[in-house]
Amino acid sequence: MFEFALSGLRSGLRGRSFQAVFVLGVLLIGVAYLSGFFSPRQPQTVALDVGFSGMRFSLILLNLFWVQELVAREIDRKIILFSLAYPVSRASFLAGRFAAVLILSMLAAMVLGLLLLLAVTMGGGYAQEFAPALGVPFWATVAGFVLDAAVVAAFSLCIAALSTVSALPLALGAAFAVAGKALGATLSYLSRGADGDQEMLARYNPIVELIRWVLPDLSRLDWREWSMYQLAPGAEIVFWSATMAVAYIVLLLVGASLLLARREFS
C-alpha cells in the first residue's frame, strides 16, 4: 500500500492535469483578490467567499483528474496488471491510490489556502469594520473542502473499479459532486413549502426524501460562514457532517475493493 501511495504521489505531481487545474486554482484566487475591490463595505469577506468557491471547485477537479490518471487510466491501458503481478491484494492497490489522492489534495489545499490568506489580507484597499476570522475557522473550512473532495474521489474510484469506459469515472464523479452539493439547497427549498407550489411539492418531495438516504449532502461540509462572519457551526453539526463523509468514504472504498476483486482482466 505504501509503494502504491508513493508512486501515486509521484505520478500525480508530474501529471499535466494537476498542473493545469492548479494553475486554474491560482487564477481563481487572483479573481478573489480582485473581487475585494468591488465591495464598498466588506472587501475581505467578498474576497474570502469568492476564494472559497474557487478552492472548492479546484479541489473537486483535482481529485477527479487524479483518480482518472492513477486508477481509471491504468485499468484502461492494462498497466494495472504490472502492479497486480506482485503478491499484494487489489484492495491494497486501491487504498494506496486513494491515500495518494488524499495527500495530494491536502497539499493543494494548503497551498491554495495560503494564497487565499495572502489575497484576503492584501485585498480591498482598506480594513473592514468586522474582520473575518482567518485562524482556526479558516483552516476548518479548508479541511471541510478537502473532506468534501475526498467523498467525490471515493465515488469516482468506485466507478473506476467497475467501469470499462475510461472517461466514465470523471463524468459520473462530476455529476455526483453537483448532485451532492445541490441536495441541501433542494431539501431546504422543499421544506419551506416550495414557494407555495403544492404540485411540485407533491411530485418531487418523495423522490428527494428517497435520494437523501443514498446521496450524501455535501453542502453540510461547507463551513465558510464561520470564517466569513464568525458564525461558528454547532459542534454536533460538524461532528455528524464529518462522520457522514468518513462513513461514506469507507463504504465506497469497500465497494470499490469488492468490485475490483471480482473483475477479470483479459
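Residues numbered from 1 in each chain as written. Predicted model: local features only at pLDDT ≥ 70, side-chain atom pairs only at ≥ 80, totals over all residues. Heavy atoms only, no water.

Asks: Looking at this model, I keep getting lost on unusual backbone geometry. Mind explaining?
Replies: Peptide bonds are mostly trans, and most non-glycine residues show a negative phi. Even without being a glycine, Gln-230 presents a positive backbone phi close to 60 degrees. Summarising the element assignment, Gln-230 is placed in the loop between helix H9 (224-229) and helix H10 (235-261). (Helix = DSSP H or I, 4+ residues; strand = E, 2+ residues; numbered from the N terminus.)

Asks: What is the right way to look at the environment of Ala-242 in this model?
Replies: Its location among the elements puts Ala-242 in helix H10. In the structure, Ala-242 is positioned 98 residues away from Gly-144 in sequence and 8.0 Å away in space, judged by C-alpha atoms. Not counting the four nearest positions on each side in its chain, Ala-242 is found in contact with Leu-147 and Leu-221. (Contact = heavy atoms within 4.5 Å.)

Asks: Before we go on, may I ask you to explain the nonpolar core in this structure?
Replies: Across soluble globular proteins, you tend to see nonpolar side chains buried next to one another. Core analysis: the largest hydrophobic core is formed by 61 residues, its most contacted members being Phe-52, Leu-59, Leu-116 and Phe-176. At the level of secondary structure, the elements contributing two or more residues to this core comprise helix H2 (16-35), helix H3 (43-76), helix H5 (90-122), helix H6 (136-162), helix H7 (168-191) and H10. The biggest single contributor to this core is H6, with 17 residues. (Core = buried A, V, L, I, M, F, W, Y, C linked by side-chain atoms within 4.5 Å. Buried < 20%, exposed > 50% of the residue type's maximum accessible area, 1.4 Å probe, protein only.)

Asks: What exactly am I supposed to notice about H6 here?
Replies: For the α-helix, the turn length of 3.6 residues means that residues three or four positions removed from each other point alike. Across its 27 residues, H6 extends 39 Å between first and last C-alpha, which sits within 8% of the 39 Å expected from 1.5 Å per residue. Of all 27 residues that make up H6, 23 are buried, and the element is covered over most of its length. (Expected span 1.5 Å × (residues − 1).)

Asks: Just to check I follow, could you spell out a nonpolar patch on the surface for this structure?
Replies: Nonpolar side chains collect at one region of the surface, where Val-246, Val-250, Val-254 and Leu-258 lie side by side and expose about 350 Å² of accessible area between them. With respect to the helices and strands, the residue Leu-258 is situated in helix H10. Relative accessible area serves as the criterion here: at 54%, Leu-258 is assigned to the exposed category. (Patch = residues over 30% accessible without salt bridge, like charges linked within 9 Å, V, L, I, M, F, W, Y side chains within 5 Å. Areas by Shrake-Rupley, 256 points an atom, 1.4 Å probe, with all protein chains shown as cover. Salt bridge = Lys/Arg side-chain N within 4 Å of Asp/Glu carboxyl O.)

Asks: Just to check I follow, could you spell out the pattern of salt bridges for this structure?
Replies: When charged atoms on two side chains of opposite charge get close, those side chains can pair. Throughout the structure, instances matching the rule amount to six salt bridges. Residue Asp-217 is joined to Arg-220 by a salt bridge in which the shortest nitrogen-to-oxygen separation is 3.4 Å. Among the charged side chains, a salt-bridge network with shared partners connects Asp-49, Arg-56, Asp-148, Lys-181, Asp-222 and Arg-224.

Asks: Help me understand the environment of Asn-63 in this model?
Replies: Relative to the elements of secondary structure, Asn-63 occurs in helix H3. Using a relative accessible area of 1% as the deciding quantity, one classes Asn-63 as buried. In this structure, the C-alpha to C-alpha distance between Asn-63 and Leu-102, residues 39 residues apart in sequence, is 8.1 Å. Residue contacts for Asn-63: discarding those within four places in its chain leaves Val-101, Ser-105, Ala-149, Ala-150 and Ala-153.

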